[in-house]
Amino acid sequence: MNYTVAERSEAEAGVSPDGGAMMALFDAARSLGTKLETALEGIGLSPAKYQALDALVKAGKPLALSELAGCLNCVRSNITQLADRLESDGLLKRVDDVSDRRAIRAVVTPLGTERHAAGSDVIHEIQVELSGRITPEDRAAFMRVLAALR
């Protein structure tokens, strides 16, 4: 078989020229993402909504939307739309900033706190299920592989 220099290099390193390991990782990530989305949808959340609630709960105080955007590494316009959806679901409310009358902050409602806790529970259940499939040694090796990919 005629391989390119890059393919020979990959073959020598134990990597299939067709990207088998990389594609398996993508497939696993997609499968886990679907599992997470389905579990969160069962309690009325999306991963994005859960992450926003998680940031607000962990902050322990109302956050400006720009601060929330920073926590989630996204642009302000996306956070505004997400906050709109969370607010219409009754999971957060916008409040005036006491130190700056021009600014608005987001605060989690009691219902938002309940949904966040339920989301944390379903995520924990998925983690426990997945942990049960992998030996501690394999998990440690996998974490080293993931760290090397960053």
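Look up a bit, the structure's there.
Attention in this report is confined to the structure presented alongside it. (Residues numbered from 1 in each chain as written. Predicted model: local features only at pLDDT ≥ 70, side-chain atom pairs only at ≥ 80, totals over all residues. Heavy atoms only, no water.)

This paragraph deals with the overall build of the protein chain. Counting secondary structure elements, the protein chain contains seven helices and three strands. Going from N to C terminus, the protein chain has its helices and strands arranged as α-α-α-β-α-α-β-β-α-α. Across the 150 residues of the protein chain, 21% fall into the buried class. At a minimum sequence separation of 6, the contacts of the protein chain that also span at least 24 residues come to 45%. About 10100 Å² of surface is accessible on the protein chain, with carbon and sulfur atoms providing 56% of the total. (Helix = DSSP H or I, 4+ residues; strand = E, 2+ residues; numbered from the N terminus. Buried < 20%, exposed > 50% of the residue type's maximum accessible area, 1.4 Å probe, protein only. Contact = heavy atoms within 4.5 Å. Areas by Shrake-Rupley, 256 points an atom, 1.4 Å probe, with all protein chains shown as cover.)

Before going further, it helps to examine the nonpolar core. In this structure, Leu 45, Leu 53, Leu 56, Leu 68, Ile 79, Leu 86 and Leu 92 are the most contacted members of the largest nonpolar core, which totals 21 residues. Those elements that provide at least two residues to this core are α3 (47–59), α4 (65–72), α5 (76–88), β3 (100–108) and α6 (110–133). Looking at this core, the element that brings in the most residues is α3, giving five residues. If we skip the residues at most four places from it in the chain, Leu 56 touches Lys 61, Leu 63, Leu 68, Leu 92, Ala 106 and Val 108. (Core = buried A, V, L, I, M, F, W, Y, C linked by side-chain atoms within 4.5 Å.)

What follows is about the pattern of salt bridges. Per the counting criterion, the structure on display carries 10 salt bridges. Its salt-bridge partner being Asp 100, residue Arg 102 comes within 3.1 Å of it at the nearest N-O pair. You can call Asp 100 partly exposed: its relative accessible area is 23%. Among the ionic contacts, a cluster of salt bridges with common partners joins Lys 35, Glu 129 and Arg 133. (Salt bridge = Lys/Arg side-chain N within 4 Å of Asp/Glu carboxyl O.)

The end-to-end C-alpha separation of α6 is 35 Å, in line with the 34 Å expected for 24 residues at 1.5 Å each. By the burial criterion, the buried members of α6 are Gly 112, His 116, Gly 119, Val 122, Ile 123 and Ile 126. Looking at the buried positions of α6, the neighbouring elements they touch are α2 (20–41), α3 and β3. (Expected span 1.5 Å × (residues − 1).)

Turning next to unusual backbone geometry. The backbone of Asn 73 shows a phi angle near 55°, a positive value even though the residue is not glycine. By secondary structure assignment, the location of Asn 73 is in the loop between α4 and α5. Taking relative accessible area as the criterion, Asn 73 reaches 72% and is therefore assigned exposed.

This part is about the pairing of β3. As defined by bridge partners, strand β1 (residues 63–64) adjoins β3 across two bridges and the pair is classed as antiparallel. For Leu 63, the partnering residue across the bridge sits in β3 and is Ala 106. Here six bridges tie strand β2 (residues 92–97) to β3, and the two strands are oriented antiparallel to one another. Residue pairing across strands places Asp 97 opposite Asp 100, the latter belonging to β3. Here β2 folds back onto β3, and the loop between the two strands holds two residues. (Pairing = 2+ DSSP bridges.)

Taken in spatial order, the three strands make up an open sheet running β1-β3-β2, and their pairing is antiparallel. The sheet is open, and its two borders are formed by β1 and β2, each paired with just one other strand. Sheet contacts for α3: β1, β2 and β3; angle to β3, the most-contacted strand, approximately 105°. (Axes fitted to C-alpha atoms, helices over the stretch in contact; angles between N-to-C directions.)

Moving on: the packing of α3 against α5. Between α3 and α5, whose axes approach to 10 Å, the crossing angle comes to 90°. In terms of axis orientation, α3 runs roughly perpendicular to α5. Only Leu 82, Arg 85 and Leu 86 of α5 make contact with α3, whose side of the interface consists of Ala 48, Lys 49, Ala 52 and Leu 53. Its residues assigned to classes, the contact of α3 with α5 shows five nonpolar, no polar and two charged. (Parallel < 35°, antiparallel > 145°, perpendicular 65-115°, else oblique. Nonpolar A, V, L, I, M, F, W, Y, C, P; charged D, E, K, R; others polar.)

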